[in-house]
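Each chain, letter by letter, is given below.
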Amino acid sequence: MSSPTEILLQAKAAVMRHRVLIAGTTAVFLALAVVYLLLTPKQYLATAEMVIDPRKSTEYQQQGSGGLVTPVDSAVVESQGEILKSENVAKAVIKTFDLVNDPAFNEPSGPIGLIKSALQLVLPASVPTDYERERRTIEAFQDRLYVKRVGVTYVFEISFLSPDPEQAAKIANAVAEAYVSDDLEAKYSARRRAAAWMQDRIKELGKQATEAEQAVVAFKSKHNIVNTGGRLLDEQQIAEITSQLSLARAATNEAKAKLDRIGQVTSGSKLDLSVADALHNEVIVKLRDTYLDMTKREADLTSRLGRDHEAPRRLRADMQNVRASIFDELKRIGEGYRSDYQIAQARAEGLTNDLARTVERSNETNSAQVHARELESNAQSLRAVYDSFLQRYAESVQQQSFPLTETRVVTSASPPLKKSQPKSLLTLLGALIAGSCLGFGIGWMRDITDSSLRTGAQAEEAADVLHLASIPKVAGRPNPQEMLAEVVNRPLSGFAESIRELRMIVEARRTEQNLKTIGFTSAVPGEGKSTIAANLARLMARARGRVLLIDGDLRNPSLSRALVPGATRGLLEVLLGEADPDEVTQTDAATGLRIMPAPNGRDRSDISDLLSSMTMAGLMESLKSRYDVIVIDLPPVLSVIDAKAAAGLFDGCIFVAQWGATPSEAVTEAVQGAGRLRERLIGIVLNMVDVRSMGRHRGQGYGQYRRAHALQRVA
């Protein structure tokens, strides 16, 4: 994953690569924006402020407005904003200013108006009906009307956009006035309809209330229902018996608890005097004291005489008698508790029976009373509704003479001094940003879809070998002969400097791996491999002396045509045994480079067999003993199989690809399908590089780093 710094550097490089495209699209967008600003008429926005005052609503509601005033909350305020934008308000203002017949209001202007006018000249225009004109005017009106609530307040901003600032202010104020009038009319109509309905309802409710009250009086008279202090006589009796029954049940429960407790004490073997009455009984108190005294004496005698002595035993027998007397007294107390419990239980049962008989006697009275209360409740409800409607009707009739509204205009709209649309600065800024982004996007897409080799890192990735050098493109259009001697004709050029850099790397490899024969090939024709091979050979000939350049491309001997155009015999004749190598080899006068051309063989079908033959192998071995370096210009890998067939003839091979033209897929396909040739690849060279453009591509740093290590070996 790339770091943010690398992403920024890549974006910067993309901008530099496509700066012309970005500048062009930006200029087009700015030009369109300027045209738009020139053709679009000025629009003015006038704003009025209106408030919905909740204090008035609360005040009127507290005074009793008949329930027709709704409390103002957030939902109500938002609803009023929608009403401000409604068609009713729009129609009122349109009618006031006769906007339907206003050409300046209905006819589109600016670029849209020009397009519409042009279309009307070509297409026949139909005459719109009155309804269509009205609908179009309403739509245009609503498009120009802006209603916005100010924060969470009750204030609304009513703005209208118009080419005429005076008209914009008038319409904004008219919208506020139309809304107030519409609100008053709606409330007046609602009160008027409510008053008419309430008048009929009051008559009906009055009749129902009177009939219900008469029914209550008749029912009570028939069933002799008389209230005493608001309660019936049977109800008072039931309340008293219920109170007495509660006390009797409490006494019964208390007696039962005492009886249960004394039963627990007398049924046990342990002497327990925790019963309340036992603590206050004189007999039990005396017996307990006697028992306690005898206990002390028994303990004393037992300690002095022993437990089996006659005196302690007699004393223990007396203690048992005292203990039995205490239990007898406790049982007597228990019998008293039992008697109290039975008396309390009998009293509770009697009161329960009395209550049942009283309730039974009052059933009929209660049933009648329930029905009587139902009649009274109905009569009271009808009377309350009648009184309420009567009061509301009086208030409604009174309020019809002074309709109320919670809205008022805070600030009236005034004609604006500055235009609101089109926004020149914003339009130009938007065009600038849009044009730049579009240009950058197009350039970025071009980079994504461009599969040609642009950097050394891309070349290394495609060929899976070291990137040796990037050879710059020679300015102008030199002929082939001049290009093959560029290092001699212009030794200080960037092209010559890159060839010298390539020579240093190749020399370092030759020293390490004892390379004497070096081939040059490419994926497809036209990559410039012959140019690089010839210039490198001439440069090495100047430095070392014994260098041979062989044109191994027998099918397309472009190198021979440029260097020795008059040659009639060459490599093919040597392989066929028709000539001696020294006879066909020529010398370059400027550098001393020996050249073996290949003027013939274009129409032969056995070229690959000849290049891979034992004759060719013997020739190469013979030449190695006579020359320090042999440079061979080979055919393209993807065009013919000659280079693959001759792979065993040379010690190393350099792959040449044209910068910005050779697809990376072609290089990968050529290298992977090269067979034995792939094992002899020294590296790849990018040819015809646009140095200034290449500098704007990121990613070449890795190849430069590896090439720097190769140069360090040379040093």
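Keep in mind it's a predicted model, so treat the numbers as computed, not measured.

J.: How should the packing of helix 2 (residues 19-39) against helix 15 (residues 424-449) be read in this particular structure?
T.: Between two packed helices, both the angle of their axes relative to each other and the distance between the axes serve to describe the pair. Running from N to C, helix 2 and helix 15 point in directions that differ by 150 degrees, and their axes come no closer than 7 Å. With respect to each other, helix 2 and helix 15 are oriented roughly antiparallel. You can see that helix 2 and helix 15 cross each other, and the crossing is right-handed. Grouping the amino acids of the contact of helix 2 with helix 15 by side-chain chemistry returns 15 nonpolar, 8 polar and 1 charged.

J.: Looking at this structure, how should I read helix 5 (residues 87-97)?
T.: What sets the pattern is the α-helix's 3.6 residues per turn: residues three or four places apart point alike. Among the residues of helix 5, Val-89, Ala-90, Val-93 and Ile-94 are the ones counted as buried. Down the axis of helix 5, the buried side of the element spans an arc of 130 degrees, and every buried residue falls inside it. Seen from the open side of helix 5, the exposed residues pointing more than 90 degrees away from its buried face are Asn-88, Lys-95 and Thr-96.

J.: I keep staring at the side chain of Gln-167 and nothing clicks. Help me out?
T.: Within the element layout of this structure, Gln-167 appears in helix 9 (residues 165-223). We classify Gln-167 as buried; its relative accessible area is 18%. If we skip the residues at most four places from it in the chain, Gln-167 touches Leu-99, Asp-102 and Ser-162.

J.: Would you mind showing me how to read the sheet that holds strand 3 (residues 155-162) here?
T.: In a beta sheet, neighbouring strands are held together by backbone hydrogen bonds and run either parallel or antiparallel to one another. Overall, antiparallel pairing links the 4 strands, which are arranged 2-3-1-4 in an open sheet. Whereas interior strands pair on both sides, the edge strands pair on one side only; in this sheet they are strand 2 (145-149) and strand 4 (407-411). The sheet shows a mean angle of 30 degrees between the axes of neighbouring strands, direction not considered. Two strands pair when backbone bridges link them, and strand 1 (residues 44-52) and strand 3 are joined in this way by 8 bridges, in the antiparallel orientation. When the bridges of strand 3 are listed, Tyr-44 appears paired with Ser-162. In the packing of helix 4 (residues 74-84) onto the sheet, contacts are made with strand 1, strand 2 and strand 3, and the angle to strand 2 comes to roughly 170 degrees.

J.: Explain the pairing of strand 1 here, please?
T.: For a regular strand, the rule is simple: side chains alternate between the two faces of the sheet. In this structure, strand 1 lies alongside strand 4, joined through 4 bridges in antiparallel fashion. Bridge assignment links Val-51 to a residue of strand 4, and that residue is Arg-408.

J.: Got a minute to help me understand the confidence of the model for the chain in this structure?
T.: Summing up the model confidence of the chain, the mean pLDDT is 79 and the portion of residues at 70 or higher is 83%. For the chain, the element scoring lowest by mean pLDDT is helix 30 (residues 701-714), at 39; strand 9 (residues 594-596) scores highest, at 93. For residues 59-69, every residue scores under 50 in pLDDT, and the model assigns this stretch 16 contacts once sequence neighbours within four places are set aside. Residue range residues 699-715 is modelled with pLDDT below 50. Its contacts to residues more than four positions away, or to other chains, number 29 contacts.

J.: Would you mind showing me how to read helix 27 (residues 664-672) here?
T.: Those residues of helix 27 lying buried are Ala-666, Val-667, Ala-670 and Val-671. The arc enclosing the buried residues of helix 27, seen along the axis, measures out at 125 degrees, which places them on a common side. The outward face of helix 27, more than 90 degrees from its buried face, is lined by the exposed residues Glu-669 and Gln-672. In this structure, the buried side of helix 27 is in contact with helix 16 (456-463), strand 11 (652-658), helix 28 (676-679) and strand 12 (681-689).

J.: What is the right way to read empty space enclosed by the protein from this model?
T.: Leftover empty space is mapped by rolling, across the atoms, a probe with the size of a water molecule. Enumeration according to the criterion identifies 1 cavity of 30 Å³ or more in this entry. Lining the largest cavity are Gly-552, Leu-611, Met-616, Ile-632, Leu-634, Ala-646, Leu-649 and Phe-650. In terms of residue class, the lining of the largest cavity is made up of 7 nonpolar, 1 polar and no charged.

Criteria and thresholds
Residues numbered from 1 in each chain as written. Predicted model: local features only at pLDDT ≥ 70, side-chain atom pairs only at ≥ 80, totals over all residues. Heavy atoms only, no water. Axes fitted to C-alpha atoms, helices over the stretch in contact; angles between N-to-C directions. Helix = DSSP H or I, 4+ residues; strand = E, 2+ residues; numbered from the N terminus. Parallel < 35°, antiparallel > 145°, perpendicular 65-115°, else oblique. Left-handed = near helix turned anticlockwise from the far one by under 90°. Nonpolar A, V, L, I, M, F, W, Y, C, P; charged D, E, K, R; others polar. Buried < 20%, exposed > 50% of the residue type's maximum accessible area, 1.4 Å probe, protein only. Arc of directions from axis to C-beta. Contact = heavy atoms within 4.5 Å. Pairing = 2+ DSSP bridges. pLDDT = per-residue confidence, 0-100. 1 Å grid on protein atoms, 1.4 Å probe; cavity = no way out; pocket = protein on both sides within 12 Å on 5 of 7 lines; lining within 4 Å. Points joined across faces, edges and corners; volume = space filled by probe spheres on them.

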